[in-house]
Amino acid sequence: MKLDLSGLFPDGARLQKTDKAGRGAERRYTVMLDMDTFELGQASYPIEDKEPIELHVSRSGRSSIHIEGRVSLTLVIPCDRCLDETRQTLSFELDRDVDFEAEDKEEDTSFADGYTIDVDGFIFPEIVLNMPVKVLCGEECKGICRVCGKNLNRGSCGCDTFVPDPRMAAINDIFSQFSK
């Protein structure tokens, strides 16, 4: 969704910080994310649920604004151990300054076109920062078998999963030479 914020800068005047009443211009907007999937590198996570986002936008300088709000959405992400789909609800606060005329390349304004911002592009890095580091379907997730790949949460597979201690390899070599 595109959000036109030029109304915060009346008549294109960016030279004064306050409006005619002497206060910083501010507005409230209710917006929805347009994206139905969250694409991150090679991964694609469906967005199962998303709530309307209430944004409070205030002019904070000649060509800058301050945006506050709250985002809540549910992503479908595979479990890190068994690869079953899990629902992860992300809820986070937005609190960000944007300078539309920033010459500083450190500030990313790729989501802005003039005084119009792409809400999905604005919120994308915030979703990345709030993604869980480890996703588990449950505390007791057993993962998958290293031999056959069966989900061990659904039952045992019967594979031999014995892994010899690599520190004992030299002794095992000696025993194998005596048995020959």
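Residues numbered from 1 in each chain as written. Predicted model: local features only at pLDDT ≥ 70, side-chain atom pairs only at ≥ 80, totals over all residues. Heavy atoms only, no water.

Colleague: Help me understand the overall build of the protein, please; the structure alone is not making it clear to me.
Modeller: Within the protein one finds two helices and nine strands. Out of the 180 residues in the protein, the part that is buried amounts to 32%. (Helix = DSSP H or I, 4+ residues; strand = E, 2+ residues; numbered from the N terminus. Buried < 20%, exposed > 50% of the residue type's maximum accessible area, 1.4 Å probe, protein only.)

Colleague: Hey, could you run me through a nonpolar patch on the surface in this one?
Modeller: Among the surface-exposed residues, Met168, Ile171, Ile174, Phe175 and Phe178 lie close enough to one another that they form a single nonpolar patch of about 550 Å² accessible area. Of note, Met168 is situated in the loop between helix 1 (119–130) and helix 2 (169–178). With relative accessibility at 39%, the residue Met168 sits in the partly exposed group. (Patch = residues over 30% accessible without salt bridge, like charges linked within 9 Å, V, L, I, M, F, W, Y side chains within 5 Å. Areas by Shrake-Rupley, 256 points an atom, 1.4 Å probe, with all protein chains shown as cover. Salt bridge = Lys/Arg side-chain N within 4 Å of Asp/Glu carboxyl O.)

Colleague: What is the right way to look at unusual backbone geometry in this model?
Modeller: With the exception of glycine, the majority of residues adopt a negative phi angle, and the majority of peptide bonds are in the trans configuration. Phi angles above zero are rare outside glycine, and Leu83 is one such case at about 70°. Within the secondary structure, Leu83 is located in the loop between strand 6 (64–78) and strand 7 (85–99). Residue Leu83 is classed as exposed on the basis of its relative accessible area of 58%.

Colleague: Would you mind showing me how to read helix 1 here?
Modeller: Over its twelve residues, helix 1 extends 17 Å from the first C-alpha to the last, a length consistent with the 16 Å expected when each residue adds 1.5 Å. Every buried residue of helix 1 is listed here: Val119, Asp120, Phe122, Ile123, Glu126 and Ile127. Relative to the axis of helix 1, the buried residues are bounded by an arc of 150° and lie together on one face. (Expected span 1.5 Å × (residues − 1). Arc of directions from axis to C-beta.)

Colleague: So what exactly am I meant to see when it comes to the sheet that holds strand 8 (residues 112–113) here?
Modeller: Backbone hydrogen bonds hold the strands of a sheet together, and the pairing may be parallel or antiparallel. What the three strands build is an open sheet, ordered 1-9-8; its pairing is antiparallel. The open sheet has two edge strands with one neighbour each: strand 1 (2–4) and strand 8. Bridging between strand 8 and strand 9 (residues 116–118) involves two bridges; their strand directions are antiparallel. Bridge pairing links Asp113 to Thr116 in strand 9. In the packing of helix 1 onto the sheet, contacts are made with strand 1 and strand 9, and the angle to strand 9 comes to roughly 50°. (Pairing = 2+ DSSP bridges. Contact = heavy atoms within 4.5 Å. Axes fitted to C-alpha atoms, helices over the stretch in contact; angles between N-to-C directions.)

Colleague: Even after reading the chapter, I still don't get the pairing of strand 6, so can you show me in this structure?
Modeller: Within a regular beta strand, the side chains point alternately toward one face of the sheet and then the other, so they alternate between its two faces. Burial of strand 6 is extensive: twelve of the 15 residues sit out of reach of the surface. Pairing of strand 4 (residues 43–50) with strand 6 involves three bridges; the strand directions are antiparallel. Directly across from Lys50, in strand 6, lies its bridge partner Leu73. With six bridges joining them, strand 5 (residues 53–59) and strand 6 adopt antiparallel strand pairing. Residue Leu55 lies in a different strand from strand 6, and its bridge partner there is Gly69.

Colleague: It is not clear to me how the packing of aromatic side chains should be interpreted in this structure. Could you clarify?
Modeller: The description of an aromatic ring pair rests on the distance of the ring centres and on the angle between the ring planes. The full count for this structure, using the stated rule, is two aromatic pairs. Taking 5.0 Å as the distance between ring centres and 35° as the angle between the ring planes, the aromatic pair formed by Phe38 and Phe124 counts as tilted. Here Phe124 lies in helix 1 and Phe38 lies in strand 3 (residues 37–40), a separation of 86 residues in the sequence. Given the relative accessible area of 30%, Phe124 is considered partly exposed. Summarising the aromatic geometry, the rings of Phe111 and Phe122 are spaced 5.2 Å apart at their centres and angled 75° between planes, so their arrangement reads as edge-to-face. With Phe111 in the loop between strand 7 and strand 8 and Phe122 in helix 1, this pair connects stretches of sequence that are eleven residues apart. Given the relative accessible area of 5%, Phe111 is considered buried. (Phe/Tyr/Trp six-rings, centres within 6.5 Å; stacked < 30°, edge-to-face > 60°.)

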